[in-house]
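For reference, the chains in residue letters:
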Amino acid sequence: MATTSHPDPELVRRMCDVIVHRGPDGAGFHSDEHAALGMRRLAIIDVATGDQPVYNEDNRVVAVFNGEIYNFAELRDMLIAKGHRLRTAGDSECLVHLYEEFGVELVHRLRGMFAFAIWDRDRQRLVLARDRVGKKPLYWRADHSSIRFASELKSLAQDPGMGREIDPVALHHYLTYQYVPAPWSIYQGVHKLSPGHVLVWEHGRITVNRYWQLDRTPRPVVDQWEEEERLRELILDATRIRMVSERPIGAFLSGGVDSSAVVAAMAMQSTEPVKTFCIGFEDSRYDERHKARMVADRYSTDHHELVVTSNLLDMLPRLAWHFDEPFADSSAIPSFYVAQLSRQHVTVALNGDGGDECFGGYQRYALMNQARRIPALPPALAATLTRTGTLVSERSDSRSLPHRLGRMMRFAAARPSQRYACLMSYFTPEQKSEIYSDPLRDLLTGVDSYRLLEEAFQGSSAETDLGRVMDVDTLTYLPGDLLVKVDITSMANSLEARSPFLDHHIMEWAATLPSALHIRNGQTKLLLKRAVAPWLPEQLLHYPKKGFSVPLAAWLRGELRELAYDTLTDGTARSRGLFRPAVVQELLRRHMDGADHGARLWALLQFELWNRAHAIPESALISGAGCHAWQLR
């Protein structure tokens, strides 16, 4: 599909801006006067004949598609057996014929990552769908007579009829979570289709329905060894089907259990050395290259490393442009670099994303599991603990004991769903109220960002708090943060990222495991580690989890200090009227004096950089980028 990303636009597979109008003749896709009929794509499967849009035999059903369908060979065989004639050898064309057979229920037949649109000419019906966990993005907006959709928000923004007013509720949520959660987008009137949902637009009427949700009802486990064996089989299968490619393939290797297990599964099923890629830092507290080398040496991979150095002043504006919305997960920086490094050698890279959410890998899960023993506190005591904990944590370094104690005090004072919101939030409600200008604060009175997690927590079918918070992450943090980060940074480098642990077969199987097989006595990912122990160096299984973190606080006091001050306090930032300049300056001062406000300053900085990147003239935004508009008449 088309893209507006700068690198290698001829190869990038993204969905362009598509406009659908109700019309009496129901004709197929037509490009506007500036577009060529065809779709640009990152061609991985069926390179020769995989152009889009794709049609059924009589051109009455047409589809555009972003992603990969891994079981397309089985689907093709089934469709041919039913009498369908397929003109290509790839996965995209399966969609129109599956729609003929199963209608909107076709989504249940798909194994892969996808965002697609299908136009049914006879019924004058548009179907939009997004994969189960949200690996691929899909934006849309509608009025009384038309609907527009795209893989990239910057593509929709080329429409002169679309305003670019910031949605204050989306901004409110962004400051809490460092990303804009679905179904909001940063622009008023534009929505993200939520993962695992289908949207149907028919005769101007829109319906949105959820088609997939994990069932976390635990099943009995009789033999743990059998579960370990079954998990190894699932990982091997999910990895094998993601190794199908007509382009060079490799893997991100961080040295963590998840990416290491994927590399091991690739090596056991590959006839050639696996190409692996790792990012490191000069600061040893954040550098894990030695762990990656253990796996690379064990499997004799073709290993490549890159050390992230102080090249950030050039990188940050570029990164802000690639992200369609404000995004403040600082691990996007090493993610971009590892994608850039990988693209020099391969076109497809497998990763370990999803292992933590499926098998209980985060330390916060262990903390929530232990916190079930904390009794409910009287309201007055809870309020005192919250105030004291906030004060202590704000005035200390994020890695210090006082900071952790302060967070623990706030944590203990809250009920379970609020505890998790405390762990996942960056600006507390009180901090947002303090920094907002009076008009913005008044506008957002009564809007509770924590409610998103509360609803996911209460709606979970899990029987334990541990299962519920794993559900919450699968519905919020995973698609809103991790998958956005990987999709944007990889596609910006014309690289396709694939995630075996996010195969829905693995996810559905793991969701029914008893909590004790995820976390026990504070040990995380218990079953996964035991299952892959025969594959990995023993030492690797016992390292504490670091994640893909960066020395953010030090950067903001060092090489990014001037950028942060200039960007957050100049006339352009103040003129937006969103934040109190005095509060922003005080946050900067306290951080430079030693308190750690790195995450909050980063969120403000990324918001402002995003504003400046996307306020440039439309013609400059799309110059050379190949972003075409499509219209159904």
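See above for the structure.
Calculation criteria
- Residues numbered from 1 in each chain as written.
- Predicted model: local features only at pLDDT ≥ 70, side-chain atom pairs only at ≥ 80, totals over all residues.
- Heavy atoms only, no water.
- Helix = DSSP H or I, 4+ residues; strand = E, 2+ residues; numbered from the N terminus.
- Contact = heavy atoms within 4.5 Å.
- Areas by Shrake-Rupley, 256 points an atom, 1.4 Å probe, with all protein chains shown as cover.
- Pairing = 2+ DSSP bridges.
- Axes fitted to C-alpha atoms, helices over the stretch in contact; angles between N-to-C directions.
- Phe/Tyr/Trp six-rings, centres within 6.5 Å; stacked < 30°, edge-to-face > 60°.
- Buried < 20%, exposed > 50% of the residue type's maximum accessible area, 1.4 Å probe, protein only.
- Expected span 1.5 Å × (residues − 1).
- Bend = angle between axes of the 7 residues up to and from the residue.
- Lys, Arg positive; Asp, Glu negative; His and termini not counted.
- Salt bridge = Lys/Arg side-chain N within 4 Å of Asp/Glu carboxyl O.
- Polar contact = N/O pair within 3.5 Å; in protein donor to acceptor, adjacent residues only side chain to side chain.
- Core = buried A, V, L, I, M, F, W, Y, C linked by side-chain atoms within 4.5 Å.

Along the chain, the regular secondary structure elements total 27 helices and 17 strands. By sequence separation, contacts in the chain at least 24 residues apart represent 75% of the contacts at least 6 residues apart. Roughly 24,500 Å² of accessible area belongs to the chain as shown, and the carbon and sulfur atoms make up 51% of that amount.

What follows covers the sheet that holds strand β16 (residues 496-498). Picture the strands of a sheet paired through backbone hydrogen bonds; they go either parallel or antiparallel. Strands sit in the order β14-β13-β12-β15-β16 across an open sheet of five strands; the sheet is parallel. Edge positions in the open sheet fall to β14 (302-308) and β16, since each of these has one partner strand only. For this sheet, the mean inter-axis angle between neighbouring strands, taken without regard to orientation, is 30°. Pairing analysis gives seven bridges linking strand β13 (residues 275-281) to β14, with the strands arranged parallel. In the strand pairing of β14, cysteine 278 is matched with glutamate 305.

On to the packing of aromatic side chains. Tallying each qualifying case throughout the model produces 12 aromatic pairs. With centroids separated by 5.8 Å and ring planes inclined at 45°, the aromatic side chains of tyrosine 187 and tryptophan 610 adopt a geometry described as tilted. Pair noted here: tyrosine 187 is in the loop between α4 (168-177) and β9 (191-192) and tryptophan 610 is in helix α26 (residues 598-613), with a separation of 423 residues, a long-range link. In this structure tryptophan 610 comes out as buried when scored by relative accessible area, which is 3%. Ring centres 6.5 Å apart and planes at 25° place the aromatic pair phenylalanine 607 and tryptophan 610 in the stacked group. Here phenylalanine 607 and its partner tryptophan 610 are both found in helix α26, three residues apart, which amounts to about one turn of the helix. For phenylalanine 607, a relative accessible area of 1% puts it in the buried group. Here the aromatic residues Tyr174, Tyr187, Tyr436, Phe579, Phe607 and Trp610 are joined through ring pairs into a cluster of three or more.

Because the α-helix completes a turn every 3.6 residues, residues three or four places apart line up on one side. Along helix α2 (residues 94-102), the residues that are buried comprise Cys94, Leu95, Val96, His97, Leu98 and Tyr99. Buried-residue contacts for α2 involve β3 (54-55), β4 (61-69), α1 (72-81), β5 (112-120) and β6 (125-130). In the segment just after α2, glycine 103 is the residue with positive phi, at about 60°.

It is worth spelling out helix α19 (residues 477-491) at this point. End to end, α19 covers 20 Å across 15 residues, agreeing with the expected 21 Å (1.5 Å per residue, within 8%). Where α19 bends most, at leucine 483, the angle is about 35°. Across the 15 residues that make up α19, a large majority, 14, are buried.

Further remarks concern the side chain of aspartate 481. Of note, aspartate 481 is situated in helix α19. Buried and unpaired, aspartate 481 has no salt bridge, with lysine 485 as the nearest side chain of opposite charge at 5.0 Å. Not counting chain neighbours up to four residues away, the residues in contact with aspartate 481 comprise Gln178, Tyr179, Phe327, Asp329 and Thr476.

Time to look at the side chain of arginine 141. Looking at the secondary structure, you find arginine 141 in strand β7 (residues 139-142). In this structure arginine 141 comes out as buried when scored by relative accessible area, which is 13%. Within the structure, the side chain of arginine 141 is placed 2.4 Å from the side chain of aspartate 159, a separation counted as a polar contact. Among all residues touching arginine 141, those that are not within four sequence positions of it are Ser146, Ile147, Arg148, Asp159, Gly161, Met162, Gly189 and Val190.

What follows is about the pattern of salt bridges. With the rule as written, the count across this model stands at 35 salt bridges. A salt bridge links glutamate 455 to arginine 451, with the nearest nitrogen and oxygen atoms 2.8 Å apart. Taken as a pair, glutamate 455 and arginine 451 lie in helix α17 (residues 450-458) at a separation of four residues, close to a single helical turn. Glutamate 455 gets classed as partly exposed once you look at its relative accessible area, which sits at 46%. What makes arginine 451 exposed here is its relative accessible area of 53%. Two residues, arginine 498 and glutamate 496, come together in a salt bridge whose shortest N-O distance is 2.8 Å. Each of the two residues, arginine 498 as well as glutamate 496, counts as buried.

On to the nonpolar core. With 164 residues, the main nonpolar core has Phe116, Phe359 and Phe579 as its most contacted residues. Examining the composition of this core, we find that nine residues originate from one element, α26, more than from any other. Once residues within four sequence positions are removed from consideration, phenylalanine 359 is found in contact with Leu231, Met470, Phe501, Ile506, Trp509, Ala510, Leu513, His518, Lys525 and Leu528. Listed in part, the 14 residues of the second largest apolar core include Val62, Val64, Trp119 and Trp201.

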